[in-house]
Amino acid sequence: MSQLIGTLIILGASGDLSARLLLPGLAQLLTADSERTMVLIGAGAEEWDDTKWHEVVTTSFAEVNASGETVAGILEGSHYFQVDVTKSDDLAKLIGACEGVPAIYFALPPAVAALACAALQNVTLPSGTTLALEKPFGTDEHSAIALNELLLKLVPEEQIHRVDHFLGRSTVLNLLGLRFANRIFEPVWNAEHIEKVEIIYDEQLALEGRARYYDKAGALVDMIQSHLLQVMAVVAMEPPSTLRSHDLRDAKQLVLRATQVWQGDPIAASRRARYTAGEVQGRELPSYIDEKGVDPAHETETLAEVTFEINTWRWAGVPFTLRSGKALAERRREIVITFRPARQLPVGLKGHNDPTVLRVFLAPDEMSLEININGPGDPYELERISLDAHFGDGQLLAYREVLAGILDGDSSLSVRGDSAVEGWRIVGPVVKAWHEHEVPIDDYPAGSAGPALWPRI
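All of these numbers come straight from a predicted model, not from anything done at the bench.

Just checking my understanding: could you explain the overall build of the protein for this structure?
The number of helices and strands found in the protein is eleven helices and 20 strands. Taken over C-alpha atoms, the radius of gyration comes to 23 Å for the protein, in line with the 23 Å a tight globule of 457 residues would show. As displayed, the protein offers around 20200 Å² of accessible surface, 52% of which is attributable to carbon and sulfur atoms.

Dropping the structure here:
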C-alpha cells in the first residue's frame, strides 16, 4: 500500500451513489487495510449536520460488516459540509478543511460535475490533488474534449480518474489472465478463428427512481458508450507488456481508435426499445413512459443493441455486438466468444457440429467452454458439453478497487481522456440516427426477453 491521499472529499455525499456504492467500497478497503489513515469529508446541498452524516456513513459501513480501529477513527473524524458545489468560495472552504493531499470525488450528475470543475479554476488546489469523475464523461464528443481541456487546467492527466467501475470488476481483470497466461487461447484470439463477439449486460431492475439522470441518457449512453466499449477494448486489445496504467490504457486506446459502427451503417447496425407494463420477478412494473419523472417526448430507450467492427489485422470482419437493457426477464452479464465451426468433419461422425463457444460471466465470476465430444453411447455421435469454471467471489467490491486506485495514485482502472472522447466518437453516428428518428423505437413487455422480432443473441 502506497497511499498518496490524506483526505477524501465526496461532492454529492447525500446522494444514492455515495451511500450505496462509494461508502461501502471505502469501508471494505479500510477494514482490510488497517494502515490507512485519512480524513473523510462529505459535501452536498442538503441541510445535514455531522450527526446525520455519521448515521449515513455508519449504515453504509454496516452493509459490508466494516470494523476495526481504522474504520472507527475515520468515522469519528469525518465531517459534513452543506455547500453549493458550483461556487468557488464553498469549494475553497472544503479544500481548507483537508489534511494532506485531497482527492475530490464528483458523485454528481454530469452537468453539475462540469460546473463544479469550472468553479475549481478559482480555487488553489494543493499539489497532487486528484479528481475523480463518474460517467458519462461529457454529453458528446465535443463536450468531452472541452471537459478534458478544463480538467487539465486543474491537474495533470495522471491525477484525473474517469471512473468506470466495470474496469474494477475482477472478471474483467480475469480476462487478462485468461488470454495472456494460457497459450491455448491467444493463438486463436483473432478473426481467423473467431466468428463473433457479444457483450451483454441485461438487468431485471427497472428505472428504480433514476429518471432525473436516466431519462436524458438511456441505455446507449448509460451502458454501451461508457462501460461496454471499455470491456470490449479489454477483450480485443493486444498483449500489454506490463499491467501498469500507461501500457493498459495504450492497449485499450488502440482498439477504440480502430472501432466504428458495423459497415459504417448506424441504421442497420443498431436497435432500440423501451419497456411497457409487465411483471418482473413477481413485481408489477408500469410502462417506462409512465414512470415518475419520465418525459415521453425524450423517446429514451431502455434497451440498446449496437454492432461494431474493429478495423485491425486481428479483428477485421468480426462483428462485436454490445447490448444492455432494463426490466428484462433474465439477468445476463456475459461476454460470449463464438468460434468458427470446424472446417471439415471426418465422414462418419454425426450429431452436433456447433461452433465452440467461450462464455465469461460478469458477477458472479464464472466461465464456460462449450465444445463437441464423442458421447458415451454411440462413439460416432457427437454431443455437446460445457466445461465450467468458477473464479470465486471477487476479492474486492468494484468501488473498493476504484477507490484504492484513486487513493494510491494508480490510474490503471480509470478511463484516459482520449478514450473518453473515442467512446463518444464511436457511438456518435448511432446517437444522430436515433435523434433523427431513422431507427424506430420498439416496445417490449417488462419481464420479457425483449422485442419479439429481435434476433436473440
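Now that the structure has been shown, the text picks up again.
Mind showing me how you'd approach the side chain of Gln204 here?
With respect to the secondary-structure elements, Gln204 resides in the loop between strand 7 (194–202) and helix 8 (211–236). At 3.2 Å, the side chain of Gln204 and the side chain of Gln281 are in polar contact. A polar contact is formed between the side chain of Gln204 and the backbone oxygen of Ala329, at a distance of 2.8 Å.

How should I be thinking about the packing of aromatic side chains in this particular structure?
The way to describe two aromatic rings as a pair is by their centre distance and the angle between their planes. Under the defined criterion, the tally for this structure stands at seven aromatic pairs. Measuring from ring centre to ring centre gives 6.4 Å for Tyr214 and Tyr288, while their planes differ by 65 degrees; the resulting arrangement is edge-to-face. Taken together, the positions of Tyr214 in helix 8 and Tyr288 in the loop between strand 11 (283–285) and strand 12 (303–310) put the pair 74 residues apart, joining distant regions of the chain. Taking relative accessible area as the criterion, Tyr288 reaches 1% and is therefore assigned buried. Ring centres of Tyr275 and Tyr288 lie 5.8 Å apart, and the angle between their planes is 80 degrees; this geometry places the pair in the edge-to-face category. Residue Tyr275 is found in strand 9 (residues 270–276), and its partner Tyr288 is found in the loop between strand 11 and strand 12; the two are separated by 13 residues along the sequence. Connected via pairs of aromatic rings, a cluster forms that spans Tyr214, Tyr275, Tyr288 and Tyr444. Directly above the ring of Trp48 sits Lys52, whose terminal nitrogen or CZ lies 5.4 Å from the centroid. When the ring centre of Trp454 is taken as reference, the NZ or CZ atom of Arg271 above it lies at 6.0 Å.

Would you mind going over helix 1 (residues 16–32) with me for this structure?
An ideal rise of 1.5 Å per residue puts 24 Å on 17 residues; helix 1 measures up with 24 Å between its terminal C-alpha atoms. Of all the bends found along helix 1, the most pronounced is centred on Leu22 and spans about 35 degrees, while Pro24, a proline, follows it within four residues. Among the residues of helix 1, Leu17, Ser18, Leu22, Leu23, Pro24, Gly25, Leu26, Ala27, Gln28, Leu29 and Leu30 are the ones counted as buried.

Quick question: what am I supposed to make of the side chain of Gln225 here?
Inspection of the secondary structure assignment puts Gln225 in helix 8. Taking relative accessible area as the criterion, Gln225 reaches 6% and is therefore assigned buried. Every residue in contact with Gln225, bar those within four places of it in the chain, is listed here: Pro136, Leu220, Ala420, Gly423, Trp424 and Val427.

Explanation requested: the packing of helix 8 against helix 9 (residues 245–257) in the structure shown.
When two helices pack together, their arrangement is captured by the angle between the axes and the distance separating the axes. For the pair helix 8 and helix 9, interaxial distance at closest approach is 9 Å and the crossing angle is 105 degrees. Taken together, the axes of helix 8 and helix 9 are roughly perpendicular relative to one another. Across from Leu229, Gln230, Met232, Ala233, Val234 and Ala236 in helix 8, the residues of helix 9 making contact are Lys252, Val255 and Leu256. In terms of residue class, the contact of helix 8 with helix 9 is made up of seven nonpolar, one polar and one charged.

How should I be thinking about the environment of Val336 in this particular structure?
Note that Val336 resides in strand 14 (residues 332–339). Between the C-alpha atoms of Val336 and Ala118, which are 218 residues apart in sequence, the distance is 42 Å. With residues near it in sequence (within four places) discarded, Val336 still touches Lys196, Val197, Glu198, Ile200, Val357, Leu358 and Arg359.

What should I look at first to understand the pattern of salt bridges in this one?
Think of it this way: side chains of opposite charge can pair up when their charged atoms draw near. As enumerated under the stated definition, the model contains 27 salt bridges in all. The residue Arg425 makes a salt bridge to Glu422 at a minimum N-O spacing of 2.7 Å. In this pair, Arg425 and Glu422 both sit in helix 11 (residues 417–435), three residues apart, roughly one turn of the helix. Among the residues examined, Arg425 registers a relative accessible area of 26% and is labelled partly exposed. When salt bridges that share partners are traced, they join Arg332, Glu334, Arg359, Glu370 and Arg384 into one network.

Help me understand the pairing of strand 2 (residues 39–44) in this model?
Sheet faces and side chains relate simply in a regular strand, where the side chains alternate between the two faces. Most of strand 2 is tucked away, with six of its six residues classed as buried. In strand 2, alternate side chains face the same way, and those of Val39, Ile41 and Ala43 on one face and Leu40, Gly42 and Gly44 on the other are all buried. Crossover strand 1 (residues 7–11) to strand 2 through helix 1 is right-handed. Here strand 2 runs beside strand 3 (residues 79–82); their pairing, made up of four bridges, is parallel. Paired with Ala43 across the bridge in strand 3 is Phe81.

Sorry, what's going on with the environment of Arg331 here?
For Arg331, the location among the structural elements is in the loop between strand 13 (320–325) and strand 14. A C-alpha to C-alpha distance of 32 Å links Arg331 and Asp418, two positions 87 residues apart in sequence. Among residues more than four places away in sequence, those in contact with Arg331 are Asp202, Gln204, Ala363 and Pro364.

Quick question: what am I supposed to make of the nonpolar core here?
General note: in soluble globular proteins, nonpolar side chains tend to be found buried as a group. With 106 residues, the main nonpolar core has Leu11, Phe106 and Leu358 as its most contacted residues. Among the elements that line this core, the one with the most residues is helix 8, at 16 residues. Beyond its immediate stretch of four places on either side in the chain, Leu358 contacts Leu178, Phe185, Trp189, Ile335, Val336, Ile337, Phe339, Met367, Ser368 and Leu369. If you look at the next biggest cluster of nonpolar residues, it comprises 32 residues, including Leu17, Ala66, Ala404 and Leu407.

Help me out: how do you make sense of the sheet that holds strand 3 in this one?
The strands making up a sheet associate through backbone hydrogen bonding, with each pair oriented either parallel or antiparallel. Ordered by their spatial adjacency, seven strands build an open sheet running 3-2-1-4-5-6-19, and the pairing between neighbours is mixed. The outermost strands of the open sheet, each flanked by one partner alone, are strand 3 and strand 19 (414–415). Relative to strand 6 (residues 160–163), strand 5 (residues 130–134) runs parallel, the two sharing four bridges. Bridge pairing in strand 6 places Leu131 opposite Ile160. Running at roughly 145 degrees to strand 6, helix 6 (residues 141–154) makes contact with strand 5 and strand 6 of the sheet.

Calculation criteria
Residues numbered from 1 in each chain as written. Predicted model: local features only at pLDDT ≥ 70, side-chain atom pairs only at ≥ 80, totals over all residues. Heavy atoms only, no water. Helix = DSSP H or I, 4+ residues; strand = E, 2+ residues; numbered from the N terminus. Rg over C-alpha atoms; globule rule 2.2 N^0.38 Å. Areas by Shrake-Rupley, 256 points an atom, 1.4 Å probe, with all protein chains shown as cover. Polar contact = N/O pair within 3.5 Å; in protein donor to acceptor, adjacent residues only side chain to side chain. Phe/Tyr/Trp six-rings, centres within 6.5 Å; stacked < 30°, edge-to-face > 60°. Buried < 20%, exposed > 50% of the residue type's maximum accessible area, 1.4 Å probe, protein only. Lys NZ or Arg CZ within 6 Å of the ring centre and 35° of its normal. Expected span 1.5 Å × (residues − 1). Bend = angle between axes of the 7 residues up to and from the residue. Contact = heavy atoms within 4.5 Å. Axes fitted to C-alpha atoms, helices over the stretch in contact; angles between N-to-C directions. Parallel < 35°, antiparallel > 145°, perpendicular 65-115°, else oblique. Nonpolar A, V, L, I, M, F, W, Y, C, P; charged D, E, K, R; others polar. Salt bridge = Lys/Arg side-chain N within 4 Å of Asp/Glu carboxyl O. Right-handed = clockwise from strand over helix to strand, strands pointing away. Pairing = 2+ DSSP bridges. Core = buried A, V, L, I, M, F, W, Y, C linked by side-chain atoms within 4.5 Å.

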